[in-house]
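Below, each chain spelled out in residue letters.
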Amino acid sequence: MSDLDQLTQSLARNLKRWRGERGFTLDALAARSGVSRGMIIQIEQARTNPSVGTTVKLADALGVSITTLLDYEQGPHVRLVPPEQAVRMWSTDAGSHTTLLVGTESRGPLELWSWTLMPGDGSPSDPHPEGTTELLHVSAGELTLVVDGQPYAVPAGTSATFEAHVPHEYRNEGAEPVEMTMAVSVPPVR
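Criteria and thresholds
Residues numbered from 1 in each chain as written. Predicted model: local features only at pLDDT ≥ 70, side-chain atom pairs only at ≥ 80, totals over all residues. Heavy atoms only, no water. Helix = DSSP H or I, 4+ residues; strand = E, 2+ residues; numbered from the N terminus. Rg over C-alpha atoms; globule rule 2.2 N^0.38 Å. Buried < 20%, exposed > 50% of the residue type's maximum accessible area, 1.4 Å probe, protein only. Contact = heavy atoms within 4.5 Å. Areas by Shrake-Rupley, 256 points an atom, 1.4 Å probe, with all protein chains shown as cover. Lys, Arg positive; Asp, Glu negative; His and termini not counted. Charge placed at Lys NZ, Arg CZ, Asp CG, Glu CD. Salt bridge = Lys/Arg side-chain N within 4 Å of Asp/Glu carboxyl O. Arc of directions from axis to C-beta. Axes fitted to C-alpha atoms, helices over the stretch in contact; angles between N-to-C directions. Parallel < 35°, antiparallel > 145°, perpendicular 65-115°, else oblique. Left-handed = near helix turned anticlockwise from the far one by under 90°.

**A short note on the overall build of the chain**
Okay, step 1: Tallying secondary structure elements over the chain gives 5 helices and 10 strands in all.
Okay, step 2: Taken over C-alpha atoms, the radius of gyration comes to 17 Å for the chain, in line with the 16 Å a tight globule of 190 residues would show.
Okay, step 3: For the C-alpha atoms alone, the extent of the chain along its principal axes is close to 45 × 35 × 35 Å.
Okay, step 4: In the chain, which comprises 190 residues, the proportion classed as buried is 42%.
Okay, step 5: Summarising the internal contacts of the chain: among those between residues at least 6 apart in sequence, 62% fall at separations of at least 24.
Okay, step 6: Taken as a whole, the chain presents about 9,900 Å² of accessible surface, with 51% of it coming from carbon and sulfur.
Okay, step 7: Between the centroid of the 14 positive side chains of the chain and the centroid of its 23 negative side chains there is a distance of 12 Å.

**A word on the pattern of salt bridges**
Charged atoms that come close allow side chains of opposite charge to pair.
Okay, step 1: The full count for this structure, using the stated rule, is 5 salt bridges.
Okay, step 2: We note a salt bridge from Arg-19 to Glu-44, for which the minimum N-O separation is 2.6 Å. In this pair, Arg-19 is assigned in helix 1 (residues 3–22) and Glu-44 in helix 3 (residues 37–44), connecting sequence segments 25 residues apart. Each member of the pair Arg-19 and Glu-44 is classed as buried.
Okay, step 3: When the shortest N-O distance is used, the salt bridge between Asp-126 and Lys-57 registers 3.8 Å. Separated by 69 residues along the polypeptide, Asp-126 in the loop between strand 4 (122–125) and strand 5 (133–140) and Lys-57 in helix 4 (residues 52–62) bring together distant segments of the chain.

**Examining helix 3**
Okay, step 1: Buried within helix 3 are the following residues: Ile-40, Ile-43 and Glu-44. Down the axis of helix 3, the buried set is contained in an arc of 95°. They therefore lie on one face.
Okay, step 2: Tucked into the core, helix 3 has its buried residues touching helix 1, helix 2 (26–33) and helix 4.
Okay, step 3: Positive phi shows up at Ala-46, right after helix 3, with a value of about 60°.

**Structural notes on the packing of helix 2 against helix 4**
Okay, step 1: One way to put it is that helix 2 packs onto helix 4 with a least axis distance of 9 Å and a crossing angle of 110°. When the axis of helix 2 is compared with that of helix 4, the two are roughly perpendicular. Contacts from Leu-29, Arg-32 and Ser-33 of helix 2 reach helix 4 at Lys-57, Leu-58, Ala-61 and Leu-62.

**Things to note about the environment of Pro-155**
Okay, step 1: With respect to the secondary-structure elements, Pro-155 resides in strand 7 (residues 150–155).
Okay, step 2: Not counting the four nearest positions on each side in its chain, Pro-155 is found in contact with Val-138, Gly-141 and Glu-142.

**With respect to the side chain of Ser-123**
Okay, step 1: If you trace the backbone, Ser-123 turns up in strand 4.
Okay, step 2: If near-sequence neighbours (up to four positions away) are discounted, Ser-123 is found in contact with Trp-90, Trp-115, His-168, Glu-169 and Tyr-170.

**Examining the environment of Thr-99**
Okay, step 1: Residue position: Thr-99 is located in strand 2 (residues 97–104).
Okay, step 2: The buried category is assigned to Thr-99, whose relative accessible area is 13%.
Okay, step 3: Between the C-alpha atoms of Thr-99 and Thr-181, which are 82 residues apart in sequence, the distance is 9.6 Å.
Okay, step 4: Contact partners of Thr-99, with chain neighbours within four places excluded, come to Ala-86, Val-87, Arg-88, Leu-112, Trp-113 and Ser-114.

**Structural notes on the packing of helix 2 against helix 3**
A pair of packed helices can be characterised by two numbers: the angle between their axes and the separation between those axes.
Okay, step 1: The interhelical angle for the contact between helix 2 and helix 3, taken along N-to-C directions, is 115°, at an axis separation of 9 Å. Taken together, the axes of helix 2 and helix 3 lie roughly perpendicular to each other. Crossing geometry of helix 2 relative to helix 3 is assigned as right-handed. Along the contact surface, helix 2 presents Leu-26, Asp-27, Leu-29, Ala-30 and Ser-33, while helix 3 presents Arg-37, Ile-40, Ile-41 and Glu-44.

Following this line, the structure appears as C-alpha cells:
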C-alpha cells in the first residue's frame, strides 16, 4: 500500500470515527465545515484524496487536529514522530512545501508545522474557528505574513503570534527560500 493509499484509508477511518464521536450527521458536518455532504461521503469511503483546505475545514469543524484525522496509530502519551512519518501536506512545482510535524488533542488541537516557501510562492488560509492562535518562527529568509489584509514583514530570527479567525496568508516576496516553524492551537469544540 502506498503512502497516499495509507493516508486516504486513515483519513476515511478517522473522519468516520470522529464524526460518530461528535454525534454529527453527514448534513451536520457539511453545514459546520462548509464541505459538501457528497465530498464527506467520498472521503469516508476512501474514494478521494481531499485538498489540504478541505481537510483543515473538516478538522476545524470536528475540533480535532489534522494530525488526528490523518493518524493511523493512536498511541501512548509520549509520541515520537520520526522525519519519515511527518506528513507533507502542500507543495508547489517551485519547491515550496509544508510538513505537519506533530499534533496533540490536549486542551483542544495543537499542531507543529515545518514550512518552506520558495521565492514568489504563497499559501492563503481561510479563517479558523474563533480562539485559534498561530505562533511562528522564521529561521531563514523573510516571510510576508498577511493577517486580515494587513501585511507584516517577518525576517529570519523573528517570531510572531496572531489570532487566526480571520483570513491570513504566508508569502515569500524575497529572493531566498523562507524556512519557518509554526504552531497552531485550535479551541476544543463546545
